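Report on the structure
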Amino acid sequence: MDSKTLASGKGDRDENFPVASFLVKAEHRGLVRAFYTFARASDDIADHPTAAADQKLALLAAMRAGLAGEGAPEAMALRAAMAERGIDPVHAHDLLEAFTRDVTVSRYQTWDDLIDYCRVSAMPVGRYVLDVHGESRETWHGNDALCAALQVINHLQDCGKDYRQLGRVYIPLETGLDVNDLAADKASAQLRRIITDLARRTRGLLAQSAPFSRQIRDRRLSAEVAVIQKLAESLCDRLERRDPLSERVHHSKAEALWLATGAALPALLRRAA
């Protein structure tokens, strides 16, 4: 069995947020896509609904071996791409730690535990893109807050699916969550309060990341980050108003395009002035 056997068929167009969009300079897109391909293959392994845990861990070990030079082809391709630019492979290794946790950890007790998971599951993605663009690591604070917010939003949107399909619960248990509520067709009043409270807490992360796009030197990457910030803020609005078990939270393509245009144009014009 290899990583292709467990492939979900998902691609970058299936993601909630843009991946190497036209806003990213052509010279950087290949590196960003190489990381995405590696992450997508690793995620498919960890999230496969029927593969045994030991099979998943063996395939993730092959991914890690590929980063060292001999292993999964997606990891070897990323290794070669990173070597061309001298990019630190720590981000890819951190991501593999997150996927290993997905196989071995199914509950998080506290908000801090969840943010520690985001430290390896989300923050490395943005850090990698910043390194590809040669941005200062002083931007990492804003990146980390935004990436953590995106991860929490995804977990809240998909809380029912994650529990029903994978048995995973990312909502911290300290919230008083009754895990069985996640299997229902409609959220209980208690679960709605918990999701609303977590969405508001996520707004605190987005407040920290609000200046981030303006700290980025690359004009086009700055615009893409402004788009992602706007989409995340909109999704927090929806999570405060909608029940993710019974209502759509994700943006439609038209909604995402409208929000993206409204965020990108001012960011581009601001840098052009």
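You'll find the structure just up there.
Summarised in this report is the structure supplied together with it. (Residues numbered from 1 in each chain as written. Predicted model: local features only at pLDDT ≥ 70, side-chain atom pairs only at ≥ 80, totals over all residues. Heavy atoms only, no water.)

Digging into the overall build of the protein chain
- Along the backbone of the protein chain there are 12 helices and 0 strands.
- Starting at the N terminus, the α and β elements of the protein chain follow one another as α-α-α-α-α-α-α-α-α-α-α-α.
- When the 273 residues of the protein chain are sorted by exposure, 52% land in the buried category.
- In the protein chain, the share of contacts with a sequence separation of at least 24, taken over all contacts with a separation of at least 6, comes to 70%. (Helix = DSSP H or I, 4+ residues; strand = E, 2+ residues; numbered from the N terminus. Buried < 20%, exposed > 50% of the residue type's maximum accessible area, 1.4 Å probe, protein only. Contact = heavy atoms within 4.5 Å.)

A short note on the packing of helix α2 (residues 53-68) against helix α4 (residues 90-104)
- Axis separation between α2 and α4 bottoms out at 10 Å; the angle between their running directions is 175°. Here α2 lies roughly antiparallel to α4, going by the angle between them. Along its contact with α2, which presents A53, K56, L57, L60, M63, R64 and L67, the element α4 presents A92, H93, L96, E97, F99, T100, V103 and T104.
- For the contact of α2 with α4, the class distribution of residues is 9 nonpolar, 3 polar and 3 charged. (Axes fitted to C-alpha atoms, helices over the stretch in contact; angles between N-to-C directions. Parallel < 35°, antiparallel > 145°, perpendicular 65-115°, else oblique. Nonpolar A, V, L, I, M, F, W, Y, C, P; charged D, E, K, R; others polar.)

Regarding the packing of helix α1 (residues 26-47) against α4
- Interhelical geometry of α1 versus α4 gives an angle of 15° and a closest axis separation of 9 Å. If you check the angle between α1 and α4, you find them roughly parallel. Of the two elements, α1 crosses α4, and the hand of that crossing is right-handed. Note on element contacts: α4 touches α1 through H91, A92, L95, L96, F99, D102 and V103, opposite F35, F38, A39, S42, D43 and A46.
- A class-by-class count of the residues in the contact of α1 with α4 yields 9 nonpolar, 2 polar and 2 charged. (Left-handed = near helix turned anticlockwise from the far one by under 90°.)

Points about the packing of aromatic side chains
- What the rule picks out here adds up to 5 aromatic pairs.
- Look at F35 and Y128: their rings are 4.2 Å apart centre to centre, the planes differ by 20°, and that puts the pair in the stacked class. With a gap of 93 residues between them, F35 in helix α1 and Y128 in helix α6 (residues 123-132) connect regions that are remote in the sequence.
- Among the aromatic residues, those joined into a ring-pair cluster are F35, F38 and Y128. (Phe/Tyr/Trp six-rings, centres within 6.5 Å; stacked < 30°, edge-to-face > 60°.)

What about helix α9 (residues 189-209)?
- For α9, spanning 21 residues, the distance from its first C-alpha to its last is 30 Å, which sits close to the expected 30 Å at 1.5 Å a residue.
- Of all the residues in α9, the buried ones are L191, R192, I194, I195, T196, L198, A199, T202, L205, L206 and S209. (Expected span 1.5 Å × (residues − 1).)

As for the environment of R164
- With respect to the helices, strands and loops of the structure, R164 is situated in helix α8 (residues 159-166).
- C-alpha separation for the pair R164 and A184, spaced 20 residues apart in sequence, amounts to 9.4 Å.
- For R164, the residues in contact, after removing those within four places along its chain, are L182, A183, A184 and L245.

Observations concerning the side chain of D144
- Considering the arrangement of structural elements, one finds D144 in helix α7 (residues 140-157).
- Ignoring sequence-local partners within four residues, the contact set of D144 consists of M123 and R127.

Describing the pattern of salt bridges
- According to the stated counting rule, one finds 13 salt bridges in the structure shown.
- A salt bridge links D44 to R40, with the shortest nitrogen-to-oxygen separation between them at 3.0 Å. Here D44 pairs with R40, and both are found in helix α1, just 4 residues apart, close to one helical turn. Across the pair, exposure class does not vary: D44 and R40 are buried alike.
- Linked by salt bridges that have partners in common, E97, R101, D116 and R119 make up one network. (Salt bridge = Lys/Arg side-chain N within 4 Å of Asp/Glu carboxyl O.)

Considerations on the environment of L191
- Its location among the elements puts L191 in helix α9.
- On the accessibility criterion, L191 (1% relative accessible area) is buried.
- Once the C-alpha coordinates of L191 and L245 are considered, the two residues, 54 residues apart in sequence, prove to be 10.0 Å apart.
- Here L191 is in contact with I171, L177, D181, L182 and L245, once residues within four sequence places are set aside.

Focus: the state of the cysteines
- Scanning the model with the defined rule gives 0 disulfides in all.
- Unpaired in this structure, C118 has its nearest cysteine sulfur neighbour in C147, at a distance of 9.4 Å.
- Of the residues examined, C118 reaches a relative accessible area of 0% and is grouped as buried. (Disulfide = S-S within 2.5 Å.)

Observations concerning the environment of Q55
- As for its position among the elements, Q55 is in helix α2.
- Residue class for Q55 comes out partly exposed when judged on its relative accessible area of 34%.
- Of the polar contacts made by the side chain of Q55, one reaches the backbone nitrogen of A52; its length is 3.0 Å. (Polar contact = N/O pair within 3.5 Å; in protein donor to acceptor, adjacent residues only side chain to side chain.)

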